[in-house]
Amino acid sequence: MANIFIISAPSGSGKSTLVNEVRRSVPGLEFSISYTTRKPRGSERNGCEYFFISRKEFEAMIRRGEFLEYARVFETDYYGTARRFLEKAEKDSSDLLLDIDVQGAEQIKAKLPDAVSIFILPPNRGELEQRLRKRSQDAEEVIQRRLETASREIENYEKYDYILVNDRLEDSVEALKAILLSERLRRSGRADANLSARAEMFRLDRIRERLRPILESFGEAAASGK
Ligand code: ADP
Ligand code: 5GP
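These numbers come from a predicted model, not from an experiment. (Residues numbered from 1 in each chain as written. Chains lettered and ligands numbered in written order. Predicted model: local features only at pLDDT ≥ 70, side-chain atom pairs only at ≥ 80, totals over all residues. Heavy atoms only, no water.)

Another aspect to go through is the sheet that holds strand E3 (residues 34–36). Taking strand neighbours across the sheet as the criterion, the four strands line up as E4-E3-E6-E5 in an open arrangement whose pairing is mixed. Two strands close off the open sheet at either side, each with one partner strand: strand E4 (50–52) and strand E5 (67–73). Between one strand axis and the next, the sheet turns through 25° on average, direction left out of account. When E5 meets strand E6 (residues 77–82), the two strands line up antiparallel, connected through six bridges. When the bridges of E6 are listed, Tyr70 appears paired with Gly80. Its contacts with the sheet put helix H3 (residues 83–91) on E3, E4, E5 and E6, and the angle it makes with E6 is roughly 25°. (Pairing = 2+ DSSP bridges. Helix = DSSP H or I, 4+ residues; strand = E, 2+ residues; numbered from the N terminus. Axes fitted to C-alpha atoms, helices over the stretch in contact; angles between N-to-C directions. Contact = heavy atoms within 4.5 Å.)

This part covers the site of ligand 1. Taken together, 14 residues sit near ligand 1, with Gly12, Lys15, Ser16, Thr17 and Arg135 positioned nearest. At 3.1 Å, a side-chain N or O of Lys134 approaches a nitrogen atom of ligand 1. A distance of 2.9 Å is found between a nitrogen atom of ligand 1 and a side-chain nitrogen or oxygen belonging to Asn166. Taking 570 Å² as the accessible area of ligand 1 by itself, protein coverage stands at 80%. Going through the elements one at a time, helix H1 (15–25) and helix H5 (125–135) are the ones with two or more residues in the shell around ligand 1. In terms of residue class, the shell around ligand 1 is made up of two nonpolar, seven polar and five charged. (Near = heavy atom within 4 Å. Polar contact = N/O pair within 3.5 Å; in protein donor to acceptor, adjacent residues only side chain to side chain. Areas by Shrake-Rupley, 256 points an atom, 1.4 Å probe, with all protein chains shown as cover. Nonpolar A, V, L, I, M, F, W, Y, C, P; charged D, E, K, R; others polar.)

Glancing now at the sheet that holds strand E9 (residues 162–165). In space, the five strands of this open sheet follow the order E2-E7-E1-E8-E9, with parallel pairing throughout. The two strands at the open ends of the sheet, each matched to only one other strand, are strand E2 (29–31) and E9. Strand-to-strand twist across the sheet, computed as the mean angle between neighbouring axes with direction ignored, equals 25°. Pairing of strand E1 (residues 4–8) with strand E7 (residues 95–99), which is carried by four bridges, proceeds in the parallel orientation. Following the sheet pairing, Ile6 is matched in E7 by Leu98. In this fold helix H7 (residues 169–187) packs onto E1, E2, E7, strand E8 (116–121) and E9, with an angle of close to 160° to the strand it touches most, E9.

In structure tokens:
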């Protein structure tokens, strides 16, 4: 049975950067390439970051039941995970990494409760805005919509099994690896005490204090988890 790892984060937090690093260094980890109706950004290519399809094609896939989950993100575009990625991971005896939003994470957890979920946060709202601008691939209006969505998405952090603040990239890569590897070992009955201890540092009750100023920077609702 493949282990499923769900990673969610507000856009611009550095999730793709982190996921790419981890994919390079953790063997036996397949990545689900999502389908989306949004247009490619910068150097993105069809079949690499996403499968870019039309709304009509997306709706046909929904009708054929080809999605494990799908959602409308930013109220504009559809994004979905094809079932075949899970089937392939099972066949290859690999684990599967899903980079999906909060709505998708909820759907997967409802269907596959053993999935491990990880929420990635930026160090604060100002840094998130800077990262969105630094990427400089989105129009101002898109950046503003992503910042607004971020405040709403962040309210869901408590639903995740692990929470990671992506401050220094090298530390975040090591932390994410520790979470993936410790869960993998534990589930195969070969728990590693050292690795587990490192992963446990990213449980909500261990980092609640660190989260407070971050959530406050996103406003009242995010800070109260409402
Ligand atoms: P996401 O996939 O969450 O939308 P990206 O991985 O595209 O975000 O990262 C957004 C921008 O932030 C990129 O320019 C990336 O190089 C940068 N970035 C990612 N992680 C860090 C970090 N820990 N510190 C500083 N910049 C970062
Ligand atoms: P972006 O447009 O920045 O690549 O991604 C926007 C958001 O869509 C991110 O939060 C990302 O995790 C989410 N996303 C990407 N693929 C999927 C998917 O297959 N399903 C769901 N529900 N969300 C996805």
